[in-house]
Amino acid sequence: MKGFFTRWYGAWQRTRLGTRITLGLGALALVVFAAVGVTTVGIMHGYLDRRLDEQLSKTQNTQLPLLRETHGSPQSVYSWYSALYKVTDGVAVPEPGGQLPGDAKQLAKIAAEAVGGDVTRTIYLRDDGPYRVRACPVDTDSVLLSAAPQKDLDGTVRQLIGVEVAAFALALGVLVVVGRLVLRRGLRPLADMAGTAHDIASHDLTANPDLPVRAAGTGGGAEVEELRTAFNVMLAHIDTSLAAKTEANERLRRFVADASHELRTPLTSIRGYADLFRYAAANEPAEREAHLAKIREETARMTVLVDDLLLLARLDARAAETPLRPERVDLAELAGDAADAFAAGRPDHPLTTSFSTAFVDADPVRLRQVLDNLLANAAVHTPPGTSVHVSVTASDGHAVVQVTDTGPGIAVADQERIFDRFFRVDDSRTRGNGGTGLGLSVVHSLVTAHGGTVSVASEPGRTTFTVHLPLAPS
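An unreviewed UniProt entry annotates the chain as histidine kinase originating from Amycolatopsis plumensis. For the record of the chain, the UniProt heading Subcellular location (unreviewed entry) holds the text "Cell membrane".

As structure tokens, this is what we get:
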């Protein structure tokens, strides 16, 4: 039995929502109809019983005065049974002239009981069916008894039951059919959203992360409209997340590929120079020193690359470990030190400066790295003789650093990717200029970590990198 109910409940749970609601409404309506029907039949049956009792009482009360005077035979009304009983020592004997059934023992008992007062009772007479019996005393030893058949009354009640069953069955059928149609129409927006979800589930997100569909349509009421809006907002968020994840995976793949290439180049050089050093170990000391110098040069290049990669990784994970140690510093003083170092190391690039005091809360070491990278970028990507200008100003609650050169400029398409990791304007893989393709990426990450922004504006003959940092509170 338990297994049967478990299977039945499982089948019910698998049934569609519209069908379950329709069946639930049908069951509820059936209960209501049954309650109304039982109540109506009960009220009607009681009313007919009372009417029959009133007829019996009225008929007997009409005959009583005449019977008390004449003690004659009672009148038979509506083909009822009627008789006058003589009661002696508790035994009732019918007087001649009455109309009684073949088996009148039950009637005699009721007549004997009625000596002390009116008695009304329902009995079942063999071959005649149910009868409503009323007995009332005529005088001290006479009793008038009348018995009316209940067949007509019961027939009326059965007809009422039949009419109610037919009417309720028709009403139930109409309710179920119309309710199913209304529910199907009302639940259609939900079915459409389910279809949209199936379309998304069948979409290959590995090939194309864009979700091609949205829940469309109108109607269904405020709740369904709210659900449709929430569903579409969720899809938009998922679409955005998938696009961001795909872009991040692509950037990671490109980053790993570029990092592998960048690391492979100095490692290959180191291995080559190490082999040359081994073969030249017994030769001239000058040749050995030249190979060792090349090994040290490539090692230093790889060290810079690894340090930049480590710094970028730590900046990306700054929620877990911040590489910044901020303190109150004068940006103009840091820019001056960076300008002095640039002028000493790059004499072939004339440098001019313009500084105003601007205090910021920043890591002086990392901020100096930003300035050095911007100046080095201006020198590496411009020909000798190109002038460079560095300025520091304070404006609208921000310290503004600008590094401007008069070089050939940067193409508009390249400006959009200038801060990407391992990006080079000429897309070159050569190491001739000594760059790693990470300098501007480090600048962007460090400035962002300090709560600032960095941008570039370039045209032939003028390129300006602008850094905005929030000023320290006074």
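## What about the sheet that holds strand S9 (residues 388-395)?
In spatial order, the strands read S7-S9-S10-S12-S11; together these 5 strands make up an open sheet with mixed pairing. Bordering the open sheet on either side are strand S7 (351-355) and strand S11 (453-459), each of which pairs with just one other strand. Taken over all neighbouring pairs, the strand axes of this sheet differ in orientation by 15 degrees on average, direction set aside. Sheet strands touched by helix H7 (residues 331-345): S7, S9, strand S10 (398-405) and strand S12 (462-470). Its angle to S7, the strand with the most contacts, is close to 170 degrees.

## A closer look at the environment of leucine 23
Looking at the element boundaries, leucine 23 is found in helix H2 (residues 17-70). Spatially, the C-alpha atom of leucine 23 lies 9.0 Å from that of arginine 180, the residues being 157 residues apart in sequence.

## Some words on helix H3 (residues 105-113)
Turning to H3, its buried residues are Leu107, Ala108, Ile110 and Ala111. One side of H3 carries all its buried residues, which in axial view fall inside an arc of 165 degrees. In this structure, H3 carries Lys105 and Lys109 as exposed residues pointing more than 90 degrees from its buried face. Looking at the packing, one finds that the buried side of H3 touches strand S1 (81-88), strand S2 (91-94), strand S3 (119-125), strand S4 (129-137) and strand S5 (142-149).

Conventions used here
Each chain carries its own residue numbering, running from 1 in the written order of its sequence. Per-residue local features of the predicted model are confined to residues with pLDDT of at least 70, and side-chain atom pairs are confined, for both listing and counting, to 80 or more; whole-chain, interface and lining totals are unaffected and use all residues. The basis for every side-chain value is the complete set of non-hydrogen atoms in the structure, without hydrogens or water. UniProt positions are given in the numbering used here, feature names are shortened, and annotations may be inferred rather than shown by experiment. Here, a strand pair is defined by DSSP locating no fewer than two bridges between the strands. In DSSP terms, a helix is any run of H or I states spanning at least four residues, a strand is any run of E spanning at least two, and both are numbered starting from the N terminus. Axis geometry follows a simple rule: fit a line to the C-alpha atoms, using only the stretch in contact for helices, then measure angles between N-to-C directions, giving values from 0 to 180 degrees. The contact criterion used throughout is that any non-hydrogen atoms of two residues lie within 4.5 Å. Summary of the burial criterion: residues with accessible area below 20% of their type's maximum are buried, those above 50% are exposed, and those between are partly exposed, where the area comes from a 1.4 Å probe applied to protein chains only. Arc definition: directions from the helix axis to the C-beta atoms.

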